Amino acid sequence: MDVRTKPREIGRKSLDVEALKRSFVEWLVYSVGKDLRSATRRDWFATAALAVRDRVVDRWMDTTRAVYAQDAKRVYYLSMEFLVGRLLTNSLANLGIMDACRVAADGIGVRLDDVIEVEPDPALGNGGLGRLAACFLDSMATHHLPGFGYGIRYEYGLFEQRFEHGWQVEYPDNWLRFGNPWEFPRPEVLYPIQFYGRVEEVRDGSGRKSYRWADTEKVFAMAFDTPVVGFGGQTINTLRLWSARATSDFNFGHFNEGDYLKAVEQKVLSENLSRVLYPNDATEVGRELRFKQEYFFTSASIQDVLRRYGQYHSSFDQLPEKAAIQLNDTHPAIGIAELMRLLVDQHGLEWEHAWDITTRTFSYTNHTLLPEALEAWPVRLVERVLPRHMQIIYEVNARFLQRAKRSTGDLARIQRLSLIDEHGDRRVRMGNMAFLGSHKVNGVSALHTDLMKQTVFADLHQEFPDRIVNKTNGITPRRWLHQANPPLARLISSRIGQSWITDLELLADLKPKADDETFQEEFRRAKRQNKKRLAAYIARHVQVDVNVDSLFDVQVKRIHEYKRQLLNLLQTVALYNDIRDNPTKEWVPVTKIFAGKAAPSYQMAKLIIKLINDVATVINQDPVVRGALKVVMLPNYNVTQAEVIMPAADLSEQISTAGMEASGTGNMKLALNGALTIGTLDGANVEIREHVGADNIFIFGLTADEVRELRQGGAFHPREVIATNPRLKRALDMIASGVFSPDDPQRFRPIVESLYNTDHFLVTADFEEYCNTHAAAVELYRDRTGWTRRAILNTASVGWFSADRTVKEYASEIWGVTPVLPGSAEPAEAAPPLPDASREGGSRGDAPKDGGDLEAAE
Ligand SMILES: *Cc1c(COP(=O)(O)O)cnc(C)c1O
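Identification of the chain as Alpha-1,4 glucan phosphorylase from Rhodospirillum centenum is taken from an unreviewed UniProt entry. Here is the UniProt Sequence similarities (unreviewed entry) comment for the chain, exactly as written: "Belongs to the glycogen phosphorylase family." Quoted verbatim from the Cofactor (unreviewed entry) field of the UniProt record, the comment on the chain reads "pyridoxal 5'-phosphate".

As structure tokens, then:
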């Protein structure tokens with residue numbers, strides 16, 4: 001070894017093939033405890049993950065040290081969900097050692113691809129919201145922004161979906177069963193989280209009133225850290241997930257011997273807090289456990305933020321300059337009351353001062369306008385579970401409404417502004433809470449932000465006209481193109497180099513090649529390779545044989561009425577009829593591909609899944625259509641499956657009722673991979689059209705304004721619409737009469753009746769235009785050159801939808817953070833301790849001293 005090597009370099013693991021090989025064998029033998037002969041694929045996965053992890057840790061510490069050294073402002077992204085996907089491929093690709101690792105594995109007789117396939121996909125999220133959080137983590141690390149993800153380490157992720165006789169059946173997702181090699185448990189990073197109890201008023205010598213939250217039930221939040229590898233491997237950020245641990249207050253001495261088992265039971269019960277992810281559909285009513293989960297991870301995260309800040313600061317005045325806390329939806333919005341409580345009750349700050357610090361620290365992202373999906377917790381529940389927080393919410397509300405009353409005498413308006421919904425069962429409006437406690441509130445697409453200003457937050461927007469801003473969502477090009485689509489990524493890099501991976505708008509350099517014959521040919525070859533991979537996946541999972549040369553028409557996303565899988569399905573049935581009526585015509589072969597989970601309590605969505613499966617069974621078995629049309633419904637949609645589907649799609653279905661999809665990100669993944677979109681002017685589709693050009697996207701249907709007018713006007717009568725459209729009527733009649741469910745002809749009555757009677761999502765209203773637009777798209781597919789040209793222009797034009805762009809906008813316009821490049825700098829000086837009045841007797845040295853930040857705080 002070179003004796004001049006700097007001490008920090010010692011022990012740094014080499015990235016070359018021989019070192020990787022040695023590392024594999026060492027990990028396998030000494031940590032996994034197997035030899036080359038007996039190792040299973042799972043053993044090899046653990047081995048590979050641990051060997052790769054070794055290559056991350058030094059860099060991780062460098063990042064942490066650099067951020068500490070500069071006392072840089074950090075972003076704290078609080079999210080109930082992180083849908084990160086598999087991490088082995090991600091780490092290898094971002095570290096740039098995929099090939100070295102493959103060669104090293106080959107060298108010891110192991111196929112890397114087999115190893116990759118056994119990694120479980122951590123399903124710690126429901127869909128778009130959780131996936132967005134994961135994309136942001138990747139972008140922050142890649143662009144050297146000091147960003148922490150904070151969430152919950154659910155022991156069970158989103159349920160595994162299987163189909164039994166075509167019905168969705170849910171199975172538990174026990175993703176930790178074989179251990180998780182990526183996480184670092186931090187048993188020393190432990191925060192007490194309190195529930196229930198009561199609030200005592202106390203007065204000090206000078207008569208100053210303060211509050212003590214007493215007689216609470218406590219549980220600990222314990223940290224598990226996962227490194228987030230930025231592209232290039234330079235910056236490694238942290239995803240810190242909290243797991244519930246019973247406190248030592250489960251004093252077994254308090255129980256006599258007979259109650260020993262009860263005491264153990266209590267311990268187990270208190271750890272249920274982080275047991276399982278709620279599979280929310282938009283309409284689910286809140287449950288107490290869910291509310292406690294929200295407070296649990298939010299409180300732990302904020303305590304951790306204050307602990308880290310407190311190491312270098314002796315007052316809270318600079319908190320907003322050192323910490324930006326982003327609320328991903330309202331799930332962590334209780335954090336606003338929590339920070340107020342910590343500042344006022346525990347650290348003795350004056351209310352106004354604490355409120356100023358709080359609002360300058362928080363910002364909030366709204367993800368939905370659906371009234372039934374806006375969180376509103378019953379006052380009685382909040383009062384019981386978090387009595388001190390309820391008082392704080394009342395106080396925030398009283399002060400705000402007092403101010404508002406000075407400018408308006410309109411009582412109805414005051415009621416709409418209030419944090420408390422007084423209609424019926426009184427509830428706390430978490431959206432209003434998040435809005436009031438934040439300096440910026442953002443929507444996730446231009447249309448959605450506009451609608452926010454007009455609907456949910458119309459009154460608050462008038463009070464605070466500068467608060468709402470737009471941040472159109474994005475996706476990470478690393479996972480969704482570089483890793484998921486190697487054939488296309490290679491083709492792109494062969495023409496414009498590799499810089500697009502971190503600067504996606506460079507894809508625009510491909511535009512001149514849209515008409516280049518050779519490039520077109522290679523682009524088609526890449527697509528075909530991906531379609532073959534998906535065809536094999538389909539054959540393996542649902543035993544349907546699909547034609548690789550057919551048009552792959554893809555709708556993959558959660559099953560929800562507003563996303564209108566039914567519209568797609570009705571068009572499918574109508575097309576099926578067209579083919580049967582005219583079987584000798586030269587039809588363009590179409591393969592309809594669906595995937596998505598329904599919330600277990602969402603009966604209509606589950607019935608839609610059954611209908612898709614039943615329609616698929618009939619169509620796929622009909623000898624008359626064979627070849628012209630196939631229908632596939634893939635079970636258990638998740639990130640890993642999406643990585644196989646996105647690169648293989650020709651047509652991307654983004655057909656939600658206009659005004660209802662906040663942004664969508666599936667639309668971006670598909671367009672980036674060269675699928676043409678058929679969609680409504682909803683969410684980010686509007687901006688996708690602006691970027692790809694109206695000629696390269698198929699837009700149809702009512703606009704958001706037209707939807708509102710139609711619904712309000714009372715002039716929409718689906719029964720009449722159906723009566724005037726024979727193709728639609730025929731499709732509905734078939735479904736209603738049991739053509740697809742001969743064993744139970746009445747099965748789909750609820751679907752048909754809801755379309756006839758209310759059709760809240762305007763499926764019938766958009767049916768005809770959708771069919772015409774779809775037919776035009778299919779017709780265009782005959783024109784190979786014309787289609788490929790448009791596909792290339794889609795890939796080349798959607799660079800703006802990179803999460804890198806989104807995160808940079810947040811960084812400069814909301815967070816006020818700048819990149820920190822790992823390197824040496826003088827460490828910041830430690831500060832004298834924060835003023836801690838410690839009015840709460842509870843902590844007793846429970847709080848960690850070093851926070852487990854890799855000791856970089858030294
Ligand atoms: C991207 C993604 C989503 C979001 O899809 P939308 O079409 O935007 O609803 C949901 N689930 C998974 C697994 C994803 O990868």
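**Q** Give a description of the UniProt feature "modified residue: N6-(pyridoxal phosphate)lysine" (unreviewed entry) in the chain that names residues and reports values.
**A** Per the UniProt entry, the sites bearing "modified residue: N6-(pyridoxal phosphate)lysine" (unreviewed entry) are Lys669 in this numbering. Relative to the elements of secondary structure, Lys669 occurs in helix α24 (residues 666-672). Take Lys669: its relative accessible area is 6%, and that puts it in the buried class. In this structure Lys669 touches Arg131, Ile475, Trp480 and Met646, once residues within four positions along its chain are discounted.

**Q** Lay out the pattern of salt bridges with the relevant residues and their values.
**A** Evaluated as defined, the whole model comprises 62 salt bridges. For the salt bridge of Lys471 with Glu809, the shortest nitrogen-to-oxygen distance reads 3.8 Å. Linking Lys471 in the loop between β16 (468-470) and α18 (477-483) with Glu809 in helix α32 (residues 803-815), this pair joins segments that are 338 residues apart in sequence. As a salt-bridge pair, Arg479 and Glu643 come within 2.7 Å of each other at their nearest N and O atoms. Residue Arg479 is found in helix α18, and its partner Glu643 is found in helix α23 (residues 639-645); the two are separated by 164 residues along the sequence. Accessibility expressed as a relative area gives 2% for Arg479, which makes it buried. The exposure class of Glu643 is buried, given its relative accessible area of 14%.

**Q** So, the pairing of strand β20 (residues 651-654): which residues are in play, and what are the values?
**A** Because side chains alternate across β20, one face comprises the buried residues Leu651 and Glu653, and the other comprises Ser652 and Gln654, equally buried. The pairing of strand β17 (residues 551-556) with β20 spans two bridges and is parallel. Following the sheet pairing, Val554 is matched in β20 by Ser652. A crossover links β20 with its parallel partner strand β21 (residues 676-679), the connecting element being α24, and its sense is right-handed.

**Q** I'd like a description of unusual backbone geometry, backed by residues and values.
**A** The phi dihedral of Arg564 is positive, around 60°, even though this residue is not glycine. Topologically, Arg564 is positioned in the loop between β17 and α21 (565-581).

**Q** Could you give an account of helix α25 (residues 685-692), naming the residues involved and the relevant values?
**A** Those residues of α25 that sit buried are Asn685, Val686, Glu687, Ile688 and Val692. Close packing links the buried residues of α25 with α16 (446-454), β16, β20, α24, β21 and α31 (784-797). With its phi angle positive at about 90°, Gly693 sits one or two positions after the end of α25.

**Q** Go over the sheet that holds strand β12 (residues 376-378), please, and point to the residues and values.
**A** Pairing within the open sheet is antiparallel, and its three strands lie in the order β12-β14-β13. Either end of the sheet is taken by a strand with one partner, and the two such strands are β12 and β13 (420-421). Pairing of β12 with strand β14 (residues 427-429), which is carried by three bridges, proceeds in the antiparallel orientation. Each bridged residue has a counterpart across the sheet, and for Pro378 the counterpart in β14 is Arg427.

**Q** Now, about the side chain of Gln641: what can you tell me, with residues and values included?
**A** Relative to the assigned elements, Gln641 resides in helix α23. Judged by relative accessible area, which is 1%, Gln641 ranks as buried. A distance of 2.9 Å separates a polar side-chain atom of Gln641 from the backbone oxygen of Pro635. With residues near it in sequence (within four places) discarded, Gln641 still touches Tyr537, Ala595, Leu634, Pro635 and Asn636.

**Q** Tell me what's going on with α31, and back it up with residues and numbers.
**A** Taking 1.5 Å per residue, 14 residues should reach 20 Å; α31 reaches 20 Å between its end C-alpha atoms and fits that length. Of all 14 residues that make up α31, eleven are buried, and the element is covered over most of its length. Listed as buried for α31 are Gly786, Trp787, Thr788, Arg790, Ala791, Ile792, Leu793, Asn794, Thr795, Ala796 and Ser797.

**Q** Any chance you could break down empty space enclosed by the protein for me, citing the residues and the numbers?
**A** Tallied over the full model, the rule gives eight cavities of 30 Å³ or more. Within this model, the largest cavity holds a volume of roughly 100 Å³. Forming the walls of the largest cavity are 13 residues, and the residues nearest its centre are Thr63, Thr64, Val67, Phe148 and Asn237. When residues of the lining of the largest cavity are traced back to their parent elements, those giving at least two are α2 (41-70), β2 (147-152) and β9 (236-246). Tallied by class, the residues present in the lining of the largest cavity amount to five nonpolar, five polar and three charged.

**Q** Mind laying out the packing of helix α19 (residues 486-496) against helix α20 (residues 517-542), listing which residues take part and the relevant values?
**A** Across the interface, α19 lies against α20 with an axial gap of 8 Å and an inter-helix angle of 160°. In terms of axis orientation, α19 runs roughly antiparallel to α20. Side by side, α19 and α20 meet where Pro487, Leu488, Leu491 and Arg495 of the first sit next to Phe519, Glu522, Phe523, Ala526, Gln529 and Asn530 of the second. Of the residues contributing to the contact of α19 with α20, the split by class is six nonpolar, two polar and two charged.

**Q** A description of the site of the ligand should follow, citing residues and the corresponding values.
**A** Near the ligand lie 14 residues; those nearest to it are Lys557, Lys563, Thr665, Gly666 and Lys669. In this structure, Lys563 approaches the ligand through a side-chain N or O atom, which is 2.7 Å from an oxygen atom. Within the side chain of Lys669, one N or O atom sits 2.6 Å away from an oxygen atom of the ligand. Counting residues per element, the ones that place at least two in the shell around the ligand are α23 and α24. Across the shell around the ligand, the residue classes break down as five nonpolar, six polar and three charged.

**Q** Break down the nonpolar core for me, with residues and values.
**A** Of all hydrophobic cores here, the largest spans 267 residues; its most connected members are Phe195, Trp242, Phe296, Ile393, Leu534 and Trp815. When residues no more than four places from it in sequence are discounted, the contact partners of Phe195 are Trp213, Thr216, Glu217, Val219, Leu273, Lys292, Tyr295, Phe296, Val385 and Leu386.

**Q** How would you sum up the packing of helix α8 (residues 288-310) against helix α10 (residues 334-346)? Please name residues and give values.
**A** For any two helices packed against each other, the geometry is given by the interaxial angle and the distance between the axes. Following both chains from N to C, one finds α8 and α10 inclined at 45°, their axes separated by 9 Å at the closest point. Taken together, α8 and α10 sit at an angle that is classed as oblique. For α8 against α10, the interelement crossing comes out right-handed. For the pair formed by α8 and α10, the contact residues are Glu294, Tyr295, Thr298, Ser299, Ile302, Gln303 and Leu306 on the first element and Ile334, Gly335, Glu338, Leu339, Arg341 and Leu342 on the second. For the contact of α8 with α10, the class distribution of residues is six nonpolar, four polar and three charged.

**Q** Tell me about the environment of Leu567, residues and numbers included.
**A** The topology assignment puts Leu567 in helix α21. Each residue touching Leu567, except ones within four places of it in the same chain, is listed here: Ile655, Phe700, Val763, Asp766, Phe767 and Tyr770.

So, how was this worked out
- Residues numbered from 1 in each chain as written.
- Predicted model: local features only at pLDDT ≥ 70, side-chain atom pairs only at ≥ 80, totals over all residues.
- Heavy atoms only, no water.
- UniProt positions renumbered as here; feature names shortened; annotations may be inferred.
- Helix = DSSP H or I, 4+ residues; strand = E, 2+ residues; numbered from the N terminus.
- Buried < 20%, exposed > 50% of the residue type's maximum accessible area, 1.4 Å probe, protein only.
- Contact = heavy atoms within 4.5 Å.
- Salt bridge = Lys/Arg side-chain N within 4 Å of Asp/Glu carboxyl O.
- Pairing = 2+ DSSP bridges.
- Right-handed = clockwise from strand over helix to strand, strands pointing away.
- Polar contact = N/O pair within 3.5 Å; in protein donor to acceptor, adjacent residues only side chain to side chain.
- Expected span 1.5 Å × (residues − 1).
- 1 Å grid on protein atoms, 1.4 Å probe; cavity = no way out; pocket = protein on both sides within 12 Å on 5 of 7 lines; lining within 4 Å.
- Points joined across faces, edges and corners; volume = space filled by probe spheres on them.
- Nonpolar A, V, L, I, M, F, W, Y, C, P; charged D, E, K, R; others polar.
- Axes fitted to C-alpha atoms, helices over the stretch in contact; angles between N-to-C directions.
- Parallel < 35°, antiparallel > 145°, perpendicular 65-115°, else oblique.
- Near = heavy atom within 4 Å.
- Core = buried A, V, L, I, M, F, W, Y, C linked by side-chain atoms within 4.5 Å.
- Left-handed = near helix turned anticlockwise from the far one by under 90°.

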